[in-house]
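Residue strings, one per chain:
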Amino acid sequence: MTTPLKISPDPRNESMKITVRKNGPYHVSGGIPLKTVEVIYDDDGNCRTWNETKTYPLQQQQYALCRCGLSKEKPFCDGAHAPAHFVGTEAGDRKPFQKGAGITPGPFLTLADNEHLCAHAGFCQRAGGIGNLVTSPDPDAREIAIEEGGNCPSGRLVVSDTATGEAIEPDLEKSIAVIEDPVHGKHGPLWVQGGIPVIAVDGKAYEVRNRVTLCRCGRSKNKPFCDGSHLEE
Ligand code: FES
C-alpha cells in the first residue's frame, strides 16, 4: 500500500482554486500562474521531458479557461460555449486515486496505476515501460521509472519507495500548464500542478493531488478530467 502524497496547506495559496462552471468554463481564482508547456521527444520518438514555452502575464486574480474547446481566445473562455450549447456534465466518479489504482510492487519501487485518469501523454513507455521498470532489480531502471512516473501529467502513475511506502513526487509549484504537442499538432489538456483544489459544479471538491489534467477539448467522457479524447482530433 502506498502512502498518498500529503499536500501541505500553504496560507499564501489558500485562495487558489479551480471551479467547474455548469456547461461553461473553469473559473480560476487566487491568481494561479498560467503557462504553456510543450512535449519534448528524444531521437527515438519517445516523450522525454517538458519545456515551458510561455508564461501568461496575469492582469487579474481571477480568469476563466475554456472547457468546451470552441473558444477563439484559447486557453481563455470567450463565451463560445453558450451559443454552442456545450454540455459539460461531469462523469460523477469521485473515487480517491488509491481506490481505483492497481498496485505493482518491485524491489525498489511500487507503482500505483489508476488507468481511469489516463490522459495518454505517453511518458511511461520508454525503456520497456514503467510497469517493467519498477519490477527490475537494475538501479538504472529505478531512476527511469521515477522520471517516467513524475512526468505523467495526469498523475495516473504514482511511484513510491517500496521500503517506506512514501510517494516519490515531482516538486511542482502551484500553477496551470496548457499542454501543447507541436510535433504531432495536438492540443493537450490543462495540467494542474502542485495540489490546487478543483471544485465540481455541485460545490464538492475533487481529491486534491499534485498532478491532475483537466479536459479542454470538451470531449472527455471523464469530465472534468482529460481522457485523451483530444488525440482523436
Ligand atoms: S468554455 Fe467558454 S468558450 Fe469554451
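Residues numbered from 1 in each chain as written. Predicted model: local features only at pLDDT ≥ 70, side-chain atom pairs only at ≥ 80, totals over all residues. Heavy atoms only, no water.

## Structural notes on the pairing of strand 10 (residues 186-193)
Rules: Exposure categories follow from relative accessible area, calculated using a 1.4 Å probe and restricted to protein chains: below 20% of the type maximum is buried, above 50% is exposed, and the middle band is partly exposed. Put simply, DSSP H or I for four residues or longer makes a helix, DSSP E for two residues or longer makes a strand, and each gets a number counted from the N terminus. Strand pairing is assigned whenever DSSP detects at least two bridges linking the two strands.
Where burial is concerned, most of strand 10 is hidden: seven out of the eight residues are buried. Two elements, strand 9 (residues 175-181) and strand 10, share six bridges in a ladder whose sense is antiparallel. Looking at strand 10, one finds that Ser175 is bridged to Gln193. Direction of pairing for strand 10 relative to strand 12 (residues 211-214): antiparallel, over a ladder of four bridges. Bridged to Val192 within strand 12 is Val212.

## Regarding the UniProt feature "domain: Iron-binding zinc finger CDGSH type" (unreviewed entry) in the protein
How we decide: UniProt positions are given in the numbering used here, feature names are shortened, and annotations may be inferred rather than shown by experiment.
On the UniProt side, "domain: Iron-binding zinc finger CDGSH type" (unreviewed entry) is annotated at positions that read residues 35-87 and 199-233 here. Secondary structure content for residues 35-87 is 0% helix and 36% strand, and the end C-alpha separation is 27 Å.

## Digging into the pairing of strand 7 (residues 109-113)
Counting buried positions along strand 7 yields five of five residues, so the element is predominantly enclosed. Bridge count between strand 6 (residues 102-105) and strand 7: four bridges; the pairing is antiparallel. Across the sheet, Ile103 pairs through a bridge with Ala112, a residue of strand 7. Following strand 6, the chain reverses through three residues before pairing antiparallel with strand 7.

## Quick look at helix 2 (residues 139-151)
Note on helix geometry: an α-helix contains 3.6 residues per turn, so any two residues three or four positions apart are oriented the same way. Applied cut-off: Between the first and last residue of a helix there are one fewer steps than residues, each counted as 1.5 Å, and that sum is the expected span. The criterion used for residue contact is that any of the two residues' heavy atoms lie within 4.5 Å.
With 13 residues, helix 2 ought to run about 18 Å at 1.5 Å a step, and its terminal C-alpha atoms sit 19 Å apart, in line with that. Where helix 2 is concerned, the buried positions are Ala141, Ala145, Glu148, Gly149, Gly150 and Asn151. If you follow the buried residues of helix 2, they end up packed against strand 4 (47-55), strand 7, helix 1 (130-135), strand 8 (157-161) and strand 12.

## Points about the domain arrangement of the protein
Heads up, the rule is: Source of the domain bounds: an automatic or database domain assignment. As a working definition, buried area equals the accessible area (1.4 Å probe) given up by two parts on being put together, with both sides summed.
With domains assigned, the protein is organised as domain 1 (14-93 + 172-232) and domain 2 (97-161). Relative placement of domain 1 and domain 2: their C-alpha centres are 23 Å apart. Each partner contributes residues to the interface: domain 1 has 22 residues there, and domain 2 has 20 residues. Summing both partners gives a buried area of about 1700 Å² for domain 1 against domain 2, and 49% of it is carried by carbon and sulfur.

## Here's the deal with the side chain of Asp42
Filter applied, for reference: Polar contact criterion, stated in full: a pair of N or O atoms within 3.5 Å, where within protein one must be able to donate a hydrogen and the other to accept it, and residues adjacent in sequence count only if both atoms are side-chain atoms.
Within the element layout of this structure, Asp42 appears in the loop between strand 3 (34-41) and strand 4. In terms of polar contacts, Asp42 uses its side chain to reach the backbone amide nitrogen of Asp44, at 2.9 Å. Setting aside anything within four residues of it in sequence, one finds Asp42 in contact with Arg48 and Arg126.

## Some points on the packing of aromatic side chains
The following threshold applies: Two rings from Phe, Tyr or Trp (for Trp, the six-membered ring) form a pair when their centres sit within 6.5 Å of each other. Planes less than 30 degrees apart are called stacked, planes more than 60 degrees apart edge-to-face, and all others tilted.
All told, the structure shown has five aromatic pairs when counted by the stated rule. Centre to centre, the rings of Tyr56 and Phe76 are 5.7 Å apart; their planes meet at 90°, and the pair counts as edge-to-face. Here Tyr56 is found in the loop between strand 4 and strand 5 (63-65), whereas its partner Phe76 is found in the loop between strand 5 and strand 6, with 20 residues between them in sequence. In this structure Tyr56 comes out as buried when scored by relative accessible area, which is 16%. The class for Phe76 is partly exposed, based on a relative accessible area of 27%.

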